Structure formats: C-alpha cells, structure tokens
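Tertiary structure, described
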Amino acid sequence: MTQTGTFRTPNASRYLQQLCKHFEHKIAVDYDDRKGKAALPSGEATLAASDEALTVTVSAEDDPGLERARFIVDDHLKRFAFREDCQGMDWRAD
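Residues numbered from 1 in each chain as written. Predicted model: local features only at pLDDT ≥ 70, side-chain atom pairs only at ≥ 80, totals over all residues. Heavy atoms only, no water.

This brings us to the nonpolar core. With 25 residues, the main nonpolar core has L40, L54, V56, V58, L77 and M89 as its most contacted residues. Sorting the residues of this core by element identifies α1 (12–23), β3 (35–40), β4 (43–49), β5 (53–59) and α2 (63–80) as the ones contributing at least two each. The element contributing the most residues to this core is α1, with 6 residues. When sequence neighbours within four positions are dropped, the list of residues in contact with L40 reads F23, I27, A45, V58, A69, I72 and V73. (Core = buried A, V, L, I, M, F, W, Y, C linked by side-chain atoms within 4.5 Å. Buried < 20%, exposed > 50% of the residue type's maximum accessible area, 1.4 Å probe, protein only. Helix = DSSP H or I, 4+ residues; strand = E, 2+ residues; numbered from the N terminus. Contact = heavy atoms within 4.5 Å.)

What follows is the structure, encoded as structure tokens:
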C-alpha cells in the first residue's frame, strides 16, 4: 500500500534535506538535495523536491502503517515549515 503527499513550497529541497538529516539519527536514510529515501518503521518513504513542491511517497503493509508514516512525515514537516504555516501534506492514495 502506498500514499503520496504533496506540500507546495519553493523551499522543497531545504525541507527534504532537513527531514532526511533528522531521520538519519534513528533510521537508514539516503539523500541529496533533490531526492531521498528513508526506512520508516512502517515502510519506505521516498522524497522528491522540485522548484514548486516537496513530494513524499510512503509505503506500509496496512492502513495503520500508512497512518503512522503520514503522521511521522507531517509532524516533522509542520515543525520545519512553521514559517509557511504548514498544516501537513496533501495526501492521496496511489
């Protein structure tokens, strides 16, 4: 199961790097300034930054796992993007 979230921002690369740097303290992460992968507890998260948006695709075996992955991403992004009044990503099922 996968879901993809989008947060429209001109600072997508900065937030991608902040998320990955923060996550790598506890989980395996591989990233550069435009893409990243993070081994979240419920499944892999794939991050991509464009000039207009940050996109994150999360995977999990079940709905509770997807909910946990979404929460992890949203919770951290809200803290990092507070200047943009981020309320979380706009999530859709794949």
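Evaluation of the coordinates by the stated rule reveals 5 salt bridges. One salt bridge in this structure joins K35 and D32, with 2.6 Å as the shortest N-O distance. For the salt bridge of R79 with D75, the shortest nitrogen-to-oxygen distance reads 2.6 Å. Highlighted residues: R79 and D75, both in helix α2, separated by 4 residues, approximately one helical turn. (Salt bridge = Lys/Arg side-chain N within 4 Å of Asp/Glu carboxyl O.)

Attention now moves to the packing of α1 against α2. Relative to each other, α1 and α2 sit at 120 degrees, their axes nearing to 10 Å. Between α1 and α2, the crossing angle belongs to the class labelled oblique. Here the hand of the crossing between α1 and α2 comes out right-handed. Residues Y15, Q18, L19, H22 and F23 of α1 pack against I72, V73, H76, L77 and F80 of α2. Of the residues assigned to the contact of α1 with α2, the class counts are 7 nonpolar, 3 polar and no charged. (Axes fitted to C-alpha atoms, helices over the stretch in contact; angles between N-to-C directions. Parallel < 35°, antiparallel > 145°, perpendicular 65-115°, else oblique. Left-handed = near helix turned anticlockwise from the far one by under 90°. Nonpolar A, V, L, I, M, F, W, Y, C, P; charged D, E, K, R; others polar.)

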